Amino acid sequence: MKTLFFSPKFYPEPNFYINDIVFDLEIPDKVVLTGKKISYKNISFFLKKNKVNIYYIPYFERSRNTIFSLLFEYFSFFLLSFLIIPIVLFLERPKKIFYYGISPPFYIFPFILLKVFFRYKIIFWVQDIWPESIFLRMPFSNAFYRFIKFLMSIIYKFSDRLILISKKFKGSSRFKKYEIKIDYIPQGCKQETKSSLDEYSLKIFNLIKNETRKVIIYAGNVSNSMFLEEMAEAVNKNKNDFVFYIIGDGPLKKKLIKKNYKKVFFFEFVERNSILKIIKQADFAFLGRKLDKDKKTKIISKIFPAKLSIYLYCQVPIISLADEDLYRYINRNNLGYVNKFSGVKELSDWLSSLLLETEEKINSIKFSQKDLFSRNFDHNNILKKIKAIIEK
């Protein structure tokens, strides 16, 4: 039975968990269909890696941090997918489509339309909740909200299985009618290998390892919804020995770099195996989430950031500015230190208070992280659950 994994992002993009899922999952006949930036000149429309056939849909990546540029990227992928998806389906004839549903989720529509002709089943691993997610980035519109919600209901209806990444959705009115076909699997984290670091990753690794000040690290998307600017301001103004390492890219990064912080350092993404080794060298890992208090976006609070599993695996105490759900989760499970943002000065004072924490407390946090990771986020357990769903 052949399974086609569909994800807008995949190899050579280094930091998406679906890469580890596909290459490590022990099932026969795996095929991947993914996106390819036009700028990737060294990749054609087809590649074979680790005995997996990978087909690419070219698209124009966003050139500026504007809604128009973002929509242009989305539509270029979406339109070209209508041409390439039927060809790949005809060549490969899969029986299952496993959709890794990062934003935007509408890329699956060609598969829904062609389902009647090729007779496959669709498994949708929901990674983001729409329409709420889009209104974290743009002004809210009731009419647009209802339209996007209607489109999502079509996707949920025609998916044969839905995988949600949090059990907090259980009983939610959004998914209640689909309960019979829902499974719950969070994003996990694969253990790092013993491979050596490349030159750039090694530079970051050594900078943190040899740092005499307390290192707070953040790895991921650099955006306004993460309290990154607030944390950068607090660290920079803190009189104690803190530094803030931000590894990643995103719409907020250029603005932060222009501020010329003396105690905040910026680096590009590194591949997933390297980032695990680097995070382990830090004293704290930052996890922020800034949600609109509007009830229409409250459902997003049920999804915890994917980097949570990475931080737990690395056993680095979390420093978090969080909404109520994430706040309670970190506190209840003793995963680190969590607060609600009330101002840069207050945040800076709170950071100073963390220097008084005992080694016993730090060790108890690391133990709790290790225990929770092994129960909920272990990569091998995630693989077993996904394999069972595909083979049903």
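Here is what the cut-offs are and how they apply
Residues numbered from 1 in each chain as written. Predicted model: local features only at pLDDT ≥ 70, side-chain atom pairs only at ≥ 80, totals over all residues. Heavy atoms only, no water. Phe/Tyr/Trp six-rings, centres within 6.5 Å; stacked < 30°, edge-to-face > 60°. Helix = DSSP H or I, 4+ residues; strand = E, 2+ residues; numbered from the N terminus. Buried < 20%, exposed > 50% of the residue type's maximum accessible area, 1.4 Å probe, protein only. Lys NZ or Arg CZ within 6 Å of the ring centre and 35° of its normal. Disulfide = S-S within 2.5 Å. Pairing = 2+ DSSP bridges. Right-handed = clockwise from strand over helix to strand, strands pointing away.

With respect to the packing of aromatic side chains
Argument step 1. Using the criterion set out here, one finds 29 aromatic pairs in the structure.
Argument step 2. Where Phe5 meets Phe98, the ring centres are 5.3 Å apart and the plane angle is 50 degrees; that geometry is what we call tilted. Note that Phe5 is positioned in strand β1 (residues 3-7) and Phe98 in strand β5 (residues 96-101), a separation of 93 residues in sequence. Accessibility classification places Phe5 together with Phe98 in one group, the buried group.
Argument step 3. An aromatic cluster of at least three residues, connected via ring pairs, comprises Phe6, Tyr59, Tyr74, Phe77, Tyr99, Tyr107, Phe111, Tyr120, Phe124, Tyr156, Phe175 and Tyr178.
Argument step 4. Taking the ring centre of Tyr11 as reference, the NZ or CZ of Lys49 above it sits at 4.7 Å.
Argument step 5. Over the ring of Tyr327 we find Lys340, and its NZ or CZ is 5.2 Å from the ring centre.

Some details on the state of the cysteines
Argument step 1. Throughout the structure, instances matching the rule amount to zero disulfides.
Argument step 2. Lacking any disulfide linkage, Cys314 is separated from the closest cysteine sulfur, that of Cys189, by 6.2 Å.

Concerning the pairing of β1
Along any regular strand, the residues point their side chains to alternate faces of the sheet.
Argument step 1. Of all the five residues making up β1, five are buried; the element is thus mostly covered by neighbouring parts of the structure.
Argument step 2. Where β1 and strand β2 (residues 30-37) come together, five bridges link them in parallel fashion. What sits directly across from Ser7, in β2, is Thr34.
Argument step 3. Running through helix α1 (residues 17-24), the crossover from β1 to the neighbouring parallel element β2 is right-handed.
Argument step 4. Looking at chain direction, β1 and β5 are connected through four bridges and run parallel. Each residue of the ladder has a partner; that of Phe5, found in β5, is Phe98.

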